[in-house]
Amino acid sequence: MTAIPGRTFKKVKELSPAEWIAPGSPLCAGCGGLEGLRIAEKVLGENVIYVNAAGCLTLLSVFPFSPLRGSWLYTTMSAPAAASQGIRDALDVRMGKHGLPKSEDLQVVVVAGDGSTCDIGLSANSAAIHRGLDFIYFCYDNGGYGNTGFQWSPSSPYGSSTQTTPSVAAHPAGSEMKPKDLFEIWRAHDPVYLATVSPREPIDLSNKFAKAKALKGPRLFICMAACPTGWGFDPKDTNVVARLAVETGIFPLKEYAEGKVVHTKMPRKRLPVEKFLETQKRFRHLFAPERRDDIIAEIQKDVDSYWRLYE
Amino acid sequence: MGVNGQRTILLTGNKAAAWGARLADVDYVPAFPITPQTEIVETLAKWFASGAMQGKFTNMDSEHSMFAAAAAAAASGARVFTATSSQGLLYGLEVLYTVTGWRVPFVFANVSRALATPITLEPDHNDVLSARDCGLVQLHAETCQEIMDFILLGYRIAEDRRVCLPVLVNLDGFYLSFTREPVVIPGEAEIRRFLPAFKPVQPVFQASRPQARASAIFGGGNYTYFRLQQHMAALAAERVFAEAAGEFGERFGRHYRAVEPYRLDDAEYVFVMSNSFSTKGKAAVNRLRDMGTKAGLLKLSLFRPFPAKAVADALRGRPKVAVIDQNIAPGVGGIVFPEILAALYDREDRPRRMLSVIGGLGGRDIRDGDFMTIVERLDRPDFTGPLTLFGESDKEQFQALQRIAGRREEALVP
Ligand code: SF4
């Protein structure tokens, strides 16, 4: 097994100035998911094929345009991991049986949202990970079905309102379910590498991708995708919202490798969750017309009990 | 061993399908089991494991995943084969619609099995016909030999520059999948001459050729362009089939046509059939002829693209034609019947009497008596059809079950 590299990058200026994704896609301004992918690509570099599931990032390539210097394949909403298997297998067979030069090999990268990943594609991505498929999975997680107008997804936070879980008198919290813990679901598969990343922490993100790039097998990423459109904030504030997600402890930055979970950025003194909640329209019902201290306290309690295990 | 390494062995339909893939020197098989197809992928798994086949066999997690892997591998330059059946084909249908648009060549076998509900095992064609509009080329096999030959022909069609579409080869579950017949296996060298190694005509995924495939498109006109491209490719497959089948016939001495006429020339009564039950139809034709009734049969081998002209030409001047649909579209009737009618509508020389027959559902046999009934109904202009092959004995058999289930009412059937 290849050794996992340590920290490759220490400062932002060490990141590659090369851009592998050209500006000017039809995605929303300030999309955190796209920003995460852009920084990841700086590390992954050339010879990449992006295998896409139906979602916001499907709009990256609208005929006849592609902002990517790598290859792109749109699949279906639930089949990107399965299609990745076919690409990986085909390239391996061509290199082994038909003498395709190794220089023609591609890094296979799934690009899928949290809806595809946690719902309709969960079975297929579980199977691909279980088979030990040599691929990278980039899940941009904005906690909802963003491309369809922001409906509830299994990743929608408790207490957020979405188009299909509005806050009403009978259901004041809006989304009443606690989100699926994708990190733990994936960790149970014992992948070679698994990490959460935030584009607001580009050094952390880049180091994690550098580690993943050096490994073979399933390498899985959950990228916090601050989503101005679905969450309801000004696109210029993406970095603020993304930073608060980390500083309140709502979005832990961590990685799993060789049997261990390590938090790569411990918030020194966690801010109260409402600092994050109050920045977004999807949580407005927790503050107006009247403050819902009960729901805010429940969210705080979940964050506290998560960190109690590690602090 | 015969001429050029040719030999004849006894094979089940499933084994013949596996042999087709082996002779095609397939690189990659993503697989998922379903009865009655499983013997195909089990056989291929063993051959890849033993080194009899070179490449990779991957156990997938569903037919949806399996077809996605198959098509993505084809888009990455591998020659791919897989197999499915029934519900599995339906489960993969979203992907099949998607990947025909990718314009990737691969071949798969569908072992026909009737659809749920009620869940059952034996064949009819509702499964394969559910995939009729997704842009696949479809070849329907009558014998174990045809299964193997159609797979080889399938690669020639799928990989042709004018087509670039996946090809489905259909065989009936049980009647063919588990029936042993003598199958001629051509010699390796002769096969390679007919079907050389896969040389993709479309760009495939590899580092030196970055490409965006299956990108989104906006605007109905732009969308239409791509759909028409697919339509033209599918239409072109009829010509490509004819060319490849011509060469196949010269090399191997077995001749295939989009539609196969059987004792049709002077026939007054024609059965239009497909797949393994055509053999029963041909036997019935012989018996009817022995009894002095001029019967004949038209077998549909190429079902997609639909060879409308070939069908109309073959049925030209035949007075009475029964289309036997081994499927049922509830609320409509048989699925193939209207396609045949459409092929005939503007022909002056079309048959005067057309009858829709629905039978063979869930593997229900079509017996000599049924063919007699069809002839008799063809002679009764007052009978508008469709004729449903569900007779007194079927009814009695079912009523016996109803009695066990504690029901007393009469079975209600059309
Ligand atoms: S809806 Fe959200 S996730 Fe989707 S493109 Fe817009 S900002 Fe990005």
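Please read all numbers here as calculations on a predicted model, not as lab measurements.

Q: Can you explain the overall build of chain B? Please cite residues and give values.
A: When you go through chain B residue by residue, the secondary structure sums to 14 helices and 16 strands. Over its C-alpha trace chain B gives a radius of gyration of 22 Å, about what one expects of a compact globule, namely 22 Å for 414 residues. On the principal axes, the C-alpha backbone points of chain B span a range of 70 × 60 × 55 Å. By the burial criterion, 58% of the 414 residues in chain B qualify as buried.

Q: Can you break down the sheet that holds strand β3 (residues 107–113) of chain A residue by residue, with the values?
A: As summarised here, the arrangement of the nine strands in space is β8(A)-β7(A)-β5(A)-β6(A)-β4(A)-β3(A)-β1(A)-β2(A)-β9(B), forming an open sheet in which the pairing is mixed. Looking at strand neighbours, the two that pair on one side only are β8 (260–265) of chain A together with β9 (212–213) of chain B, the edges of this open sheet. The pairing of strand β1 (residues 48–52) of chain A with strand β2 (residues 71–74) of chain A spans four bridges and is parallel. In the sheet register, Asn52(A) faces β2(A), and the bridge partner there is Tyr74(A).

Q: Could you give an account of the site of the ligand, naming the residues involved and the relevant values?
A: Residues in close proximity to the ligand include Leu27(A), Cys28(A), Cys31(A), Cys56(A), Asn142(A), Cys227(A), Pro228(A) and Thr229(A), which together make up its full environment. In terms of residue class, the shell around the ligand is made up of six nonpolar, two polar and no charged.

Q: Please set out the packing of aromatic side chains residue by residue, giving values where relevant.
A: Inspection of every chain in the model, using the stated rule, returns 25 aromatic pairs over all chains. When the ring of Phe276(A) is compared with that of Phe283(A), the centres are 6.2 Å apart and the planes differ by 55 degrees; the resulting orientation is tilted. Each member of the pair Phe276(A) and Phe283(A) is classed as buried. Here a set of aromatic residues connected by ring pairs shows up, and it is made of Phe150(B), Phe194(B), Phe248(B), Phe252(B) and Tyr256(B). For the cation-ring pair, Lys178(A) lies above Tyr158(A), with the distance from its terminal atom to the ring centre recorded as 5.2 Å. One cation-aromatic arrangement involves Arg79(B) over Tyr155(B); the distance from NZ or CZ to the ring centre is 5.4 Å.

Q: If you had to explain a nonpolar patch on the surface to someone new, which residues and values would you point to?
A: Residues and elements named next belong to chain B. On the surface, Phe-390, Phe-398, Leu-401 and Ile-404 cluster together into a nonpolar patch covering about 430 Å² of accessible area. Inspection of the secondary structure assignment puts Phe-398 in helix α14 (residues 392–404). By relative accessible area, Phe-398 is classed as partly exposed at 41%.

Q: Break down the interface of chain A and chain B for me, with residues and values.
A: Tallying the contact residues gives 39 residues for chain A and 40 residues for chain B. Summed over both sides, the interface between chain A and chain B buries roughly 2900 Å², with carbon and sulfur atoms accounting for 63% of that surface. At the junction of chain A with chain B, the criterion picks out four salt bridges. We note a salt bridge from Arg131(A) to Asp61(B), for which the minimum N-O separation is 2.9 Å.

Q: If you had to explain the state of the cysteines to someone new, which residues and values would you point to?
A: All names here are of chain B. Tallied over the entire structure, the rule returns zero disulfides over all chains. Of all cysteine sulfurs in the structure, the one in Cys-134 sits closest to Cys-164, which takes part in no disulfide; the separation is 16 Å. Residue classification places Cys-164 among the buried positions, given a relative accessible area of 2%.

Q: Describe in detail the pattern of salt bridges, supporting the description with residues and values.
A: Residues and elements named next belong to chain B. Scanning all chains against the criterion turns up 58 salt bridges over all chains. The shortest N-O distance in the salt bridge between Asp-160 and Arg-162 comes to 2.9 Å. With a relative accessible area of 38%, Arg-162 lands in the partly exposed category. Through salt bridges with shared partners, a single ionic network connects Glu-142, Glu-146, Glu-260, Lys-282 and Lys-299.

Q: Provide a residue-level description of unusual backbone geometry, including the pertinent values.
A: A cis geometry characterises the amide bond from Phe63(A) onward to Pro64(A), with omega recorded as 5 degrees. Tracing the backbone through its elements, the reader meets Pro64(A) in the loop between β1 and β2. The omega torsion of the bond from Gly385(B) to Pro386(B) falls at 0 degrees, within 30 degrees of zero and hence cis. Along the chain, Pro386(B) falls in the loop between α13 (368–378) and β16 (387–388). Phi at Arg103(B) is positive, roughly 60 degrees, even though this residue is not glycine.

Basis of the calculations
Residues numbered from 1 in each chain as written. Chains lettered and ligands numbered in written order. Predicted model: local features only at pLDDT ≥ 70, side-chain atom pairs only at ≥ 80, totals over all residues. Heavy atoms only, no water. Helix = DSSP H or I, 4+ residues; strand = E, 2+ residues; numbered from the N terminus. Rg over C-alpha atoms; globule rule 2.2 N^0.38 Å. Buried < 20%, exposed > 50% of the residue type's maximum accessible area, 1.4 Å probe, protein only. Pairing = 2+ DSSP bridges. Near = heavy atom within 4 Å. Nonpolar A, V, L, I, M, F, W, Y, C, P; charged D, E, K, R; others polar. Phe/Tyr/Trp six-rings, centres within 6.5 Å; stacked < 30°, edge-to-face > 60°. Lys NZ or Arg CZ within 6 Å of the ring centre and 35° of its normal. Patch = residues over 30% accessible without salt bridge, like charges linked within 9 Å, V, L, I, M, F, W, Y side chains within 5 Å. Areas by Shrake-Rupley, 256 points an atom, 1.4 Å probe, with all protein chains shown as cover. Salt bridge = Lys/Arg side-chain N within 4 Å of Asp/Glu carboxyl O. Contact = heavy atoms within 4.5 Å. Buried area = accessible area lost by both parts, 1.4 Å probe. Disulfide = S-S within 2.5 Å.

Don't take any of this as a statement about function, it's just geometry.
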